[in-house]
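# A closer look at the structure
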Amino acid sequence: MKKGDVLHYDYETQKWLRQHPGYCTTVTQCEDCGLFYKPSLGHKCKKKVKPNV
């Protein structure tokens, strides 16, 4: 990642960021879908393949 890159967040993280303007927080990137999310909120990946049981 480099300066000026645009980050794409999952829905819950976007919602949190709108409700907390100006706050600094930590995010991580989902290895499956590439979206960034706030770990304390969790992430429900829509692209992650679920194994057949």
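Residues numbered from 1 in each chain as written. Predicted model: local features only at pLDDT ≥ 70, side-chain atom pairs only at ≥ 80, totals over all residues. Heavy atoms only, no water.

### Thoughts on the side chain of T13
Counted only if it meets this: The helix count covers DSSP runs of H or I at least four residues long, the strand count covers runs of E at least two residues long, and both are numbered beginning at the N terminus. Remark: exposure states derive from per-residue accessible area (1.4 Å probe, protein chains only) relative to the maximum for the residue type, with buried under 20%, exposed over 50%, and partly exposed in between. Two N or O atoms count as a polar contact when they lie within 3.5 Å, although within protein this holds only if one can serve as hydrogen donor and the other as acceptor, and sequence-adjacent residues are included solely when both atoms are side-chain atoms. Any two residues having at least one pair of non-hydrogen atoms within 4.5 Å are treated as being in contact.
Along the chain, T13 turns up in helix α1 (residues 11–19). Assessed through its relative accessible area of 1%, T13 is described here as buried. A distance of 2.9 Å separates a polar side-chain atom of T13 from the backbone nitrogen of K38. Contact partners of T13, with chain neighbours within four places excluded, come to V27, F36, Y37, K38 and L41.

### A short note on the environment of C30
For C30, the position within the fold is in the loop between β1 (28–29) and β2 (36–37). Residue C30 is classed as buried on the basis of its relative accessible area, which comes to 9%. Taking C-alpha positions, C30 is 15 Å from V6, a pair spaced 24 residues apart along the chain. With near-sequence residues (within four places) excluded, C30 lies in contact with L35, Y37, H43 and C45.

### Observations concerning the packing of aromatic side chains
Heads up, the rule is: Think of it this way: a Phe, Tyr or Trp ring, Trp meaning its six-membered ring, pairs with another when their centres are within 6.5 Å, and the plane angle makes it stacked under 30 degrees, edge-to-face over 60, tilted otherwise.
Applying the stated criterion to the full structure yields one aromatic pair. Aromatic side chains W16 and Y23 sit 6.1 Å apart centroid to centroid with 85 degrees between the ring planes, which places their arrangement in the edge-to-face category. Take W16: its relative accessible area is 16%, and that puts it in the buried class.

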